[in-house]
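Results of the structural survey
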Amino acid sequence: MTGPKIIFFVLATAIVVFSILSIASRKILRAAIHLLFVLVAMAGLYYMMNFQFLAAVQLILYAGGIVVLIIFSILLTSQINSKLDPPKKSHLLSGAVTAVGGIVLATITILQFAFKPSQEPAISTNMRTVGRQLLGTDVYGYALPFEVISILLLAALVGSIFIARKNKI
Amino acid sequence: MNLQAEIPLDYLVVLSTIVFFIGLMGVLIRRNLITMLMGIELMLNAVNINFVAFNHYLFPHRLEGHFFALIVMAIAAAEAAIAISLIINIYRQFATVSVDDVDELKH
Amino acid sequence: MNLLLILLIIPLLTIVGIALVSDITKVRWVAAIGMSAQLIFSFILLYLFFRERNSGNTDAMLFVSAATWYESFNIQLKLGVDGISVSMILLTSIVTFAGVFASWQVEYLTKEFFISLIILAGGVFGFFISLDLFTMFLFYELAVIPMYLLIGIWGSGPKEYSAMKLTLMLMGGSAILLVGLLGLYFNSAPGGGRLTFDLTEIAKISIPLSTQLFFFPFIFIGFGVLGALFPLHTWSPDGHASAPTAVSMLHAGVLMKLGGYGCFRVALYLLPEAAHSLAWIFIILTTISVVYGAFGAVWQKDLKYINAYSSVSHCGLVLFALLMMNETATTGAILQMISHGLMTALFFALIGMIYSRTHSRMIHEMGGLMKVIPFLSVVYVIAGLASLGLPGLSGFVAEMTIFVGSFQHTDTFHRMATILACSSIVITAVYILRVVGILLLGPIKDNHFLELKDAQWFEKLSTVTLVASIAIIGITPFWLSNLIHGSLTQMIHAITN
Amino acid sequence: MDFSYTILILVLPFLIFLLIGSLGSRWRPHLSGLLGTSGLFIITVLAYVTAFNYFIHRTGEAYQAIEASQLTWLSFTDDLIIHLGILLDPLSVMMLVVITTVSLMVHIYSLGYMKGEAGFARYFAFLSFFTFSMLGLVVATNIFQMYIFWELVGLSSYLLIGFYYERPSAVAAAKKAFIVTRFADLGFLIGILILSFNTNTFDFARLTDQHGPVIAQPVTAMFMGLSVTTWAMLLIFMGGAGKSAMFPLHIWLPDAMEGPTPVSALIHAATMVVAGVYLVARLFPIYHFSSPGSLDVIAYVGSFTSLFAAVIACTQLDIKRVLAYSTLSQIGYMMVALGVSGYGNEAGLGYMASLFHLFTHAFFKALLFLGAGSVIHAVHNNLMTEMGGLRKYMPVTHITFLVACITIAGIPPFSGFFSKDEILVAAFEHNKIIFAVQWLVAGITAFYMFRLYFNIFWNSNPEYHHTPHESPSTMTIPLFILAVMSIFSGFVPFHELVTSDGRPLATEFHPMIAVPSVLIALAGIGLAAALYYRKNSRPETIAKSLKAFYTMAYRKFYVDEVYLFVTHKVVFQLISRPAAWFDRHIVDGTMNLIGNSTVSFSGAIKEMQSGEVQWYIWYFTSGVLLLALMILYLT
Amino acid sequence: MSWSTLSIMRLEVLLTVMILYQLIADLSVKENKLKVVQATLLFFGVITAVGFAPSPAASLFGNMYIHDELRTLLKNILNVSTLIILLQSTGWLNKEENRSKTGAFFLLLFSTLLGMYFMISAGDFLMLYLGLELATLPLTILAAFDKKLRRSAEAGIKLLMSSAVSSAVLLFGISLLYGIYGTLHFSEMALLTDSSTLSVFALIFFMAGLGFKLSLVPFHLWTADVYEGSPLQVTSYFSVVSKGAALFTLMLVLYLVFNHHHAVWSMTAYFLSITTMVVGNLFALRQKNLKRFMAFSSITQAGFMMLGFVNRDALGMNTVVYFMLIYSLSNLAVFGVLSIVVNATGKESMDDFNGFYSTNPRLSLIMLLALFSLAGIPPVAGFFGKFFLFTAVAAKSMYLLVFIAVVNATVSLYYYLLVVKAMFINKNETPIPALSSSWYEKVALTICFAGIVMIGFLSVVYN
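Report on the accompanying structure. What you are looking at is a predicted structure, and each value in this text was computed from that prediction instead of being measured.

**Considering the overall build of chain B**
- A tally of regular secondary structure across chain B gives 3 helices and 0 strands.
- The linear arrangement of helices and strands in chain B, starting from the amino end, is α-α-α.
- For chain B, the spread of C-alpha atoms along the three principal axes comes to 55 × 25 × 25 Å.
- Put simply, chain B has 107 residues, and 84% of those count as buried.
- Taking contacts inside chain B between residues at least 6 apart in sequence as the whole, the part at least 24 apart equals 62%.
- A gap of 7 Å separates the mean positions of the 5 positive and 9 negative side-chain charges of chain B.

Put into structure tokens, the structure is as follows:
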């Protein structure tokens, strides 16, 4: 039982347990916190796979951004310590069937498959390469998506403002 | 630190699968729009695990999965923003965020 | 420039003309002139056809012209006529002509009425002159769809229901037909080479029997629905009952003929082996519809229903004769199409005119009309006599040709069926004379009838045209039967071998 | 000898019909009458000329059939072709004479009888039309032409019976006549189909050529135990039986008396009703050679009908009906004669006799009807109980009527005697039973005819509303002419002219048969005189004494009721009504059911669109999974 | 970034400029937005025109962006449709309460259109996904655009939730594909032929993601609600442009990338088309609200489109595109008439259209033709579209499928005729008053009308 293994299992269990909690807990704010834990644990996973940059983004964007947004919205829309009414039986049942069925089906098919690693040498994932590729326009350069994302974010921004702002109808 | 030696890929993929469907479960059963949103976030993250894992384990010679994960995060953020604005909009119109009450359009 | 195109252009121009002019009388006259031109041209076509034949041209199809339309599907706009199509065209133009005058008094949305009416007619003309299955199908549907509006808007009684039912059943039929046509298309080049929708091309190749057996029912039933094939005839009574006069005329007179024509041209001609092995089923069905339609008519009380059922019976006779697949019977079938077309059109025209006077179609509410509206009554009697197959009128010629032809069949089953079918002539006599007796003869039922006016000029024109055609065919049938027979020989030869 | 002018015999009446039919309503009525009559006069002359020319030119010792003219009307196949033509042979020529004569008489008579009727022009148009179609029938060169005119005759009969179309009874009678005969014609048609299918020809020439293929090599195919030819010939006879009102297809004839009386004289006594006889005579060789069995059937049917009708005639009160039934019985005689006849010279006696009787019968029966018409015209009533003692008021009618009665009773030397005598001879040689029946019938005939006669002209006269008077000369002249003909037509050398094979045949007088028949006739007359010469109670007592039988006979043995049952109960109630119902509710119902069930189904699944987004998502995801599962399973 | 790059990506670039222009205009121009609207229309007209200018095929950004004739054609179809929608939406935008929204409306609309461009000319799954999201997320806002309407808000949230899940599913599929093929680039993927069950599994997930936008049964349930809830213009945008983009993308990916899996996807198309046609029909039968009605009608039509996918040959592809083109025009014609009516009266129920012909003959005539075209009645274009689709299916001799399809076509005729009945046959005391349509709307309708009538006869269009 080496270190990484232990860490991985810790993270994995954390992820599963907390995600279950986050969809199960009847205190909405608590659910949000559970979600936060899941996200953080995932950042840990990324870090273990040498994707420091990604891990960082995960922490900043998700933990720092989305969860906060969610919590704000919670505060805007509902009382924190009021218990949410439990899910309907029908929903619970059908949802469970689907989810479990999905897990089984997916897992079986995935485990049947032997993934074929490529033989080419790995490239380092330090900030330099990441940065260069992120703005590269040639093969495996991600300038175009980067630009498009900007437009998407712009649209999202305008849209959210448009919807959320109160004054004008 | 290198995970390949220690943990087989399947673990990660299965993990992501589980998380994915847990998220789906959340979407399906929770009656609060915001918690549904959380479920969706879970699903997206599960997918991210896949991308990253594949990239790390199988195709380390490029960063496709890595960047895809990055993009997904960005989009998730945008999605969340829009979602929340819409939820607030709903809250204004229906004075609730319970999804069961948002069923005036039907049949 | 093919002269058959004129048959399409004239209606088109007429429609445009109608669309342009404004007030009702102008609309009527434009329609009348257009359709008269069509009628005249049909006669010219007949003349040209005879001249061509007499000059020794023995091609199966005359005036053929083909223009590629959809290259990739090898769809062509291929036109051409033989004796059969010419006679059908003649029928169509006569009935349309009469129809225009019969609907002279349409007041509500006159413009739209005539436009849809002429679209219908145009579709029929297109159907009869096209030799390409695709265009054929196109015109087929084009002819069917205006019925919905025509019945729905200008109809009477439960018109929405009838219109919807009629349209859906006919369109369903054409849908089934479509499957068959596509099947033909994809088997049209068994030895490789280009697939084609071209009738004459497909006729040349021999499709494997199994394929034929698979597609024959689709095509035959598809067309059969329009030919009022039992038990898919039920659109006909309701549809006819609700339709306005001219529409019933065109529909029963012409549109239903598309069914028989298609059954012959496509189903039997292109899939002969299958036809031979499956004929018995449909012979049974058609025999049923011949007798059963007649019996159904005996019990009806509404004039239009009576006529609708008698149409079922007569059109059943058409399909019946076609299935005998010998020259005489088929000639009879075509003759029957024409004769039935004319006389049923006449019937509906008269019913419309009587209805416009007495405001009733229930035979028991009327009586003694012979005294008050002698002209219409006499014409009605003539129509009735034609319908019960009296010599000297077209019905006799057609039915006798059918019976003699069918009885020439060497198989006892077919001859027995023929005898059954023959028995319909008695039943026909029963219901026709019943109507004549109740409706026209006897004492005058209602004193309001005393003020009734007899036919006006346009009504006379409309009815006389039809009566004249019926009588001419009935008294001098040989030219028509030769016209048809001449074109049949090759096709029948192809079918039987 | 060129007979091409005979075409006029057909064309003229048709033209007259068109002329009067189209314009008659515009003219002054009697103009149409004159036109029709004069036209017919020309035709009659033509007919006589034709007959004369034909009979004096005998090539060889047998008359040959001549096709005067021929045109192709419609060709079904290369062999089966309908020609319209004129066939002249002794038979058809004889018919020409009969038809034109009687028709002319009736035309003249009608000028007086129908005066002032509403549809005067229409009446004459119809008469010409009938004459046209009847002539066309008799000169037909092939069986299909015959069928065509057969139908046309039926139509004109329909039109003339229903002449008073505002009278429901007339309409009903016309309808009945048409439909019954139509039903018989169905048999005729099928017979033609079978015959033509086997022989592959319509032409009489080829059909009846006894050395030709048709008769020489008959088709041996059997169907249900009978040879197909027998089937064909029986079915054709069915057609004839329909027109000639043989039992059981006779029911339309008595009702047909609803028509104007001259019409009854022309169509339902002299000409049309004998078309059946003509038909059988026309096809006689085939009957005789190919299916002798059917000849026996004809004989028995004829014999039964004659007896049956005679019995009924004794009980009827409506004088026209009495005459109608007597017509039936006389036609029965003719049928018998054909049935018992053989072919060729002496054997063909019956054939000759039959047509001879047809010939004479035409005249005296026409005479009877016209006389009755004149009586009715005077009395305005059909019932003999309302008549009596008319001899004083209308002498001409009385005398002529008496002549006719004597003739039909078969008292020598009047024509009826000769023809009937020949028939009895033929029957005697062939079949004793039938002979016995016919002999008896002869007596009954004499009885009911004189019952009629005495009741009308003697007996006690009831009080008339206004005193009857003799009819105008337009009516009495034809009576007179016909009377003359009925007396003398017996002396026509018929046996030399119209015979089965065209050769003359020698006939000798058979006292063994003639005497008894005359005796029984006299007996009948005597009985009638005893009962009806003066008004007395004997008829009632007799009627009472055999009540059941009397009422049965009076009710025409309930045949009408049977027909009524068949038509109304069976055809209408038991077939048509269920058929109509079935169509509405089963066939159409199925169609509607398909539509409605679709709609209701769509209503049933509408909860799928519940409006709750979570369910949408659930459908989505489980849909994906199911799809994946399915595809994975299938690949 | 060279000039050639710009010229190749001209549509995208121009559209981006347009978006920025909208942003600026919205902030700067306060009053008389009409000018902005006109300018936008003009500008977009130019873009559309530019789209037709020929240009060489090329692929940029390391095959992330592919540009060729076919894709240009597809984009042009989208452009034309969008242009028509814009023309039709002028009336709506000029309403008082919408004046302030124009900027946002255009911005969101064009960004979605941009997203669709990228979907179509995506060279790898990253761009595809990105384009998809860019085409979806702003649409959710547009669905909720009528802020004062509850149903609009509901439509927005429903669309967002379900589309988010669907895109997650799609992503899951993509991620697995990535794991299997080791690349996300179409060009490289097309070379690899892996037929493992996992790849099938992933492919299904991917198709489901697009099937959602295409609203195939059972991924369709959002459609009706969103169509009904959204503003009319947005609805027609959904039903035509967004659907079209999804269809084209699916088509490109399946034909170009997963050609070796054609057995799988043609079978999937087989089932999906059946379920879609049937369910769409069954629901459309009962609809009274015309927007909802059109939703189900468009679902059915999507089912017909899937028929084309049964045939993997060029024939299938051509017929699908051809059908989509005709479908767009017909649908736009219907929505054009609807928008005129709705803007003027706010009536969108079928019964409100009773006696429509008596007051507005022209409009109802166009409506009639459009509906016939949707139903596939000659001589209007729809007939040809359907006929060729069926031909494509029959070419694979799947006559059972053809039969089911034609039966469904007949059923669909039923409810289209219901609308016709309402307009032409039913009487109405208070019919919709005679409406005057603006110049823009006239142009839009004329284009549709001409298209519907002519296309069938001009075989060049197909070729």
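**Considering the interface of chain A and chain B**
- With 82 residues of chain A in contact, the opposing surface of chain B contributes 72 residues.
- In this assembly, chain A packs against chain B so that about 7,100 Å² is buried in total across both faces, 78% of it on carbon and sulfur atoms.
- By the criterion of area lost to chain B, the three top residues of chain A are A:I23, A:M49 and A:T77, representing 9% of everything that side buries.
- Between chain A and chain B we count 1 salt bridge in total.
- Between A:K88 and B:D100 there is a salt bridge; the shortest N-O distance is 3.7 Å.
- Here chain A and chain B share 12 residue pairs in polar contact (both at pLDDT 80 or more) between them.
- Elements represented by at least two residues in the side of chain A that touches chain B include exactly α1 (3-24), α2 (28-48), α3 (52-77), α4 (89-112), α5 (127-135) and α6 (143-164) of chain A.
- In terms of residue count, α3(A) provides more of the side of chain A that touches chain B than any other element does, 13 residues in total.
- Residues that form the side of chain A that touches chain B fall into these classes: 57 nonpolar, 17 polar and 8 charged.

**Considering the interface of chain E and chain A**
- Every contact between the two is made by 38 residues of chain E and, on the other side, 30 residues of chain A.
- Summed over both sides, the interface between chain E and chain A buries roughly 3,000 Å², with carbon and sulfur atoms accounting for 83% of that surface.
- Together, E:F61, E:L130 and E:K147 form the three largest contributors to the area buried by chain E at its contact with chain A, with a combined 20%.
- Taken together, the connections running from chain E to chain A amount to 1 salt bridge.
- Between E:D194 and A:K116 there is a salt bridge; the shortest N-O distance is 3.7 Å.
- For the pair chain E and chain A, the number of links is 3 residue pairs in polar contact (both at pLDDT 80 or more).
- Of all the elements in the fold, those that place two or more residues in the side of chain E that touches chain A are α2 (10-28), α5 (102-120), α6 (125-143), α7 (150-181) and α9 (197-214) of chain E.

**Description of the packing of aromatic side chains**
- For the coordinates displayed, the defined rule picks out 142 aromatic pairs over all chains.
- Measuring from centroid to centroid gives 6.1 Å for A:F9 and B:Y11, while their planes differ by 55°, and the two rings are tilted. Of this pair, A:F9 sits in helix α1 while B:Y11 is found in helix α1 (residues 9-29), placing the two residues in two different chains.
- Take A:F9: its relative accessible area is 32%, and that puts it in the partly exposed class.
- Between E:F293 and E:Y415, the ring centres sit 5.5 Å apart and the planes meet at 90°, which makes this aromatic pair edge-to-face.

**Overview of the side chain of C:S394**
- Residue placement: C:S394 occurs in helix α17 (residues 394-407).
- Contact partners of C:S394, with chain neighbours within four places excluded, come to C:S339, C:I470, C:I473 and C:G474.

**Considering the nonpolar core**
- Membership of the largest hydrophobic core comes to 765 residues, with the highest contact counts inside it found for D:F144, E:F125 and E:F309.
- If near-sequence neighbours (up to four positions away) are discounted, D:F144 is found in contact with C:F396, C:M400, C:V404, D:F76, D:I82, D:I192 and D:F202.

**A look at the packing of helix α17 (residues 395-409) of chain D against helix α19 (residues 432-457) of chain D**
All names here are of chain D.
- One can describe the packing of α17 onto α19 by two numbers: an axis separation of 9 Å at closest approach and a directional angle of 170°. The angle between the axes of α17 and α19 places the two elements in the roughly antiparallel class. Every residue of α19 that contacts α17 at T397, H398, F401, L402, C405, I406, I408 and A409 is listed here: T445, A446, M449, F450, L452, Y453, I456 and F457.
- Looking at the contact of α17 with α19, its residues break down into 13 nonpolar, 3 polar and no charged.

**Things to note about the pattern of salt bridges**
- Under the defined criterion, the tally for this structure stands at 35 salt bridges over all chains.
- Residue C:E71 pairs with C:R194 through a salt bridge whose shortest N-O separation is 2.9 Å. A residue pair is termed long-range when its members are at least 10 positions apart, and C:E71 in the loop between β1 (62-70) and β2 (75-81) and C:R194 in the loop between α7 (159-186) and α8 (199-204) qualify at 123 residues.
- For C:E71, a relative accessible area of 42% gives the class partly exposed.
- For C:R194, a relative accessible area of 46% corresponds to the partly exposed category.
- Of the charged contacts, one joins D:D255 and D:K176 as a salt bridge, the two residues approaching to 2.8 Å between their closest N and O atoms. Note that D:D255 is positioned in helix α10 (residues 252-255) and D:K176 in helix α6 (residues 168-199), a separation of 79 residues in sequence.
- Using a relative accessible area of 15% as the deciding quantity, one classes D:D255 as buried.

**A few points about the packing of α6(A) against helix α3 (residues 64-94) of chain B**
- Their axes nearest at 9 Å, the elements α6(A) and α3(B) cross at an angle of 10°. The orientation of α6(A) with respect to α3(B), classified from their angle, is roughly parallel. From α6(A), A:P145, A:I149, A:L152, A:L153, A:A156, A:S160, A:I163 and A:A164 reach across to α3(B), where they touch B:I71, B:A74, B:I75, B:A78, B:A81, B:I82, B:S85, B:L86, B:N89 and B:R92.
- Residues of the contact of α6(A) with α3(B), tallied by class, amount to 14 nonpolar, 3 polar and 1 charged.

**Concerning the pairing of strand β2 (residues 81-88) of chain D**
Residues and elements named next belong to chain D.
- With respect to burial, β2 is a largely interior element, 7 of its 8 residues being buried.
- For strand β1 (residues 66-75) and β2, the ladder comprises 8 bridges, and the chain directions are antiparallel. By the bridge assignment for β2, S69 is matched with I86.
- In this antiparallel pair of consecutive strands, β1 and β2, the connection spans 5 residues.

**Some details on the environment of C:F403**
- With respect to the secondary-structure elements, C:F403 resides in helix α17.
- Taking the C-alpha atoms as reference, C:F403 lies 8.2 Å from C:I419; in sequence the two are 16 residues apart.
- Ignoring sequence-local partners within four residues, the contact set of C:F403 consists of C:L317, C:T418, C:A421, C:C422, C:I425, D:L189 and D:L193.

**So, empty space enclosed by the protein**
- Counting across every chain of the model gives 15 cavities of 30 Å³ or more.
- Size it by volume and the largest cavity reaches roughly 190 Å³.
- Going through the elements one at a time, α5 (133-144) and α7 of chain C together with α17 (381-395) and α18 (399-425) of chain E are the ones with two or more residues in the lining of the largest cavity.
- Here the lining of the largest cavity is composed, by residue class, of 12 nonpolar, 3 polar and 2 charged.
- The volume enclosed by the second largest cavity comes to roughly 80 Å³.

**Observations regarding the environment of C:S85**
Residue and element names in this part refer to chain C.
- With respect to the helices, strands and loops of the structure, S85 is situated in helix α3 (residues 83-102).
- Taking the C-alpha atoms as reference, S85 lies 8.9 Å from I484; in sequence the two are 399 residues apart.
- Setting aside residues no more than four positions away along its own chain, S85 makes contact with F128, Y261 and R265.

**A short note on the arrangement of the chains**
- There are 8 pairs of chains in contact here, and the one with the most contacts is chains A and B.
- At no point do chain A and chain C touch; the closest pair of C-alpha atoms across them sits 39 Å apart.

**Concerning the environment of E:G156**
- Residue position: E:G156 is located in helix α7.
- For the pair E:G156 and E:G229, spaced 73 residues apart in sequence, the C-alpha to C-alpha distance is 8.0 Å.
- Ignoring any residue separated from it by four or fewer positions in sequence, one finds E:G156 in contact with B:L86, E:T140, E:A143 and E:A144.

**Comments concerning unusual backbone geometry**
- For the bond from D:F247 to D:P248, the omega torsion is 0°, close enough to zero to count as cis.
- Along the chain, D:P248 falls in the loop between α9 (228-243) and α10.
- In the segment running from E:P378 into E:P379, the intervening peptide bond is cis, with an omega of 0°.
- On the secondary structure map, E:P379 appears in the loop between α16 (361-375) and α17.
- Not every positive phi belongs to a glycine, and C:M325 is a case in point at roughly 55°.
- By relative accessible area, C:M325 is classed as buried at 5%.
- A positive phi is found at D:N200, a non-glycine position, where the angle reads about 60°.

**Things to note about helix α12 (residues 272-299) of chain C**
- Compared with an ideal rise of 1.5 Å per residue, which puts 28 residues at 40 Å, α12(C) spans 38 Å between its outermost C-alpha atoms and is within 8% of the ideal.
- Helix geometry: α12(C) is bent most strongly at C:L278, by close to 55°.

Reading the values: the criteria
- Per chain, residue numbering runs from 1 following the sequence as it is written.
- Chains and ligands are labelled by the order in which they are written, letters from A for the one and numbers from 1 for the other.
- The predicted nature of this model means local features are confined to residues of pLDDT at least 70 and side-chain atom pairs, given and counted, to a pLDDT of 80 or more, with totals for whole chains, interfaces and linings taken over all residues.
- Derived side-chain values reflect all non-hydrogen atoms in the structure, with water molecules and hydrogen atoms excluded from consideration.
- Secondary structure counts use DSSP, requiring at least four H or I residues in a row for a helix and at least two E residues in a row for a strand, with both numbered from the N terminus.
- Exposure categories follow from relative accessible area, calculated using a 1.4 Å probe and restricted to protein chains: below 20% of the type maximum is buried, above 50% is exposed, and the middle band is partly exposed.
- Any two residues having at least one pair of non-hydrogen atoms within 4.5 Å are treated as being in contact.
- When charges are tallied, Lys and Arg are placed among the positive residues and Asp and Glu among the negative ones, while His and the ends of the chain are skipped.
- For this purpose, a charge sits on NZ of Lys, CZ of Arg, CG of Asp or CD of Glu.
- Summed over both partners, buried area is the accessible surface (1.4 Å probe) that two parts give up on being assembled.
- Here a salt bridge means any side-chain nitrogen of Lys or Arg lying within 4 Å of a carboxyl oxygen belonging to Asp or Glu.
- Polar contact is defined as a pair of N or O atoms within 3.5 Å, subject to the rule that within protein one atom must be able to donate a hydrogen and the other to accept it, and that residues adjacent in sequence are counted only when both atoms are side-chain atoms.
- Under the convention adopted here, Pro, Cys and the residues Ala, Val, Leu, Ile, Met, Phe, Trp and Tyr are nonpolar, Asp, Glu, Lys and Arg are charged, and Gly plus all remaining residues are polar.
- Any pair of Phe, Tyr and Trp rings, taking the six-membered ring for Trp, is counted once the centres come within 6.5 Å. Such a pair is stacked with planes under 30 degrees apart, edge-to-face with planes over 60 apart, and tilted for the rest.
- For the purposes of this section, nonpolar cores are sets of buried Ala, Val, Leu, Ile, Met, Phe, Trp, Tyr and Cys residues that join through side-chain atoms within 4.5 Å.
- Helix axes are fitted to C-alpha atoms over the stretch in contact, other axes to C-alpha atoms as well, and angles between N-to-C directions run from 0 to 180 degrees.
- Angular relationships are summarised with four words: roughly parallel below 35 degrees, roughly antiparallel beyond 145, roughly perpendicular across 65 to 115, and oblique for the angles in between.
- We call two strands paired when DSSP finds no fewer than two bridges between them.
- Only protein atoms enter the calculation, which uses a 1 Å grid: trapped sets of points that fit a 1.4 Å probe without letting it out are cavities, open sets showing protein on both sides within 12 Å along at least five of seven lines are pockets, and any residue with an atom within 4 Å of a point is a lining residue.
- Grid points are joined across faces, edges and corners, and a volume is the space filled by probe spheres set on the points.
- Here the expected length of a helix is defined as 1.5 Å per residue gap, with one fewer gap than residues.
- What the bend at a residue measures is the angle between two axes, fitted to the seven residues ending there and to the seven starting there.

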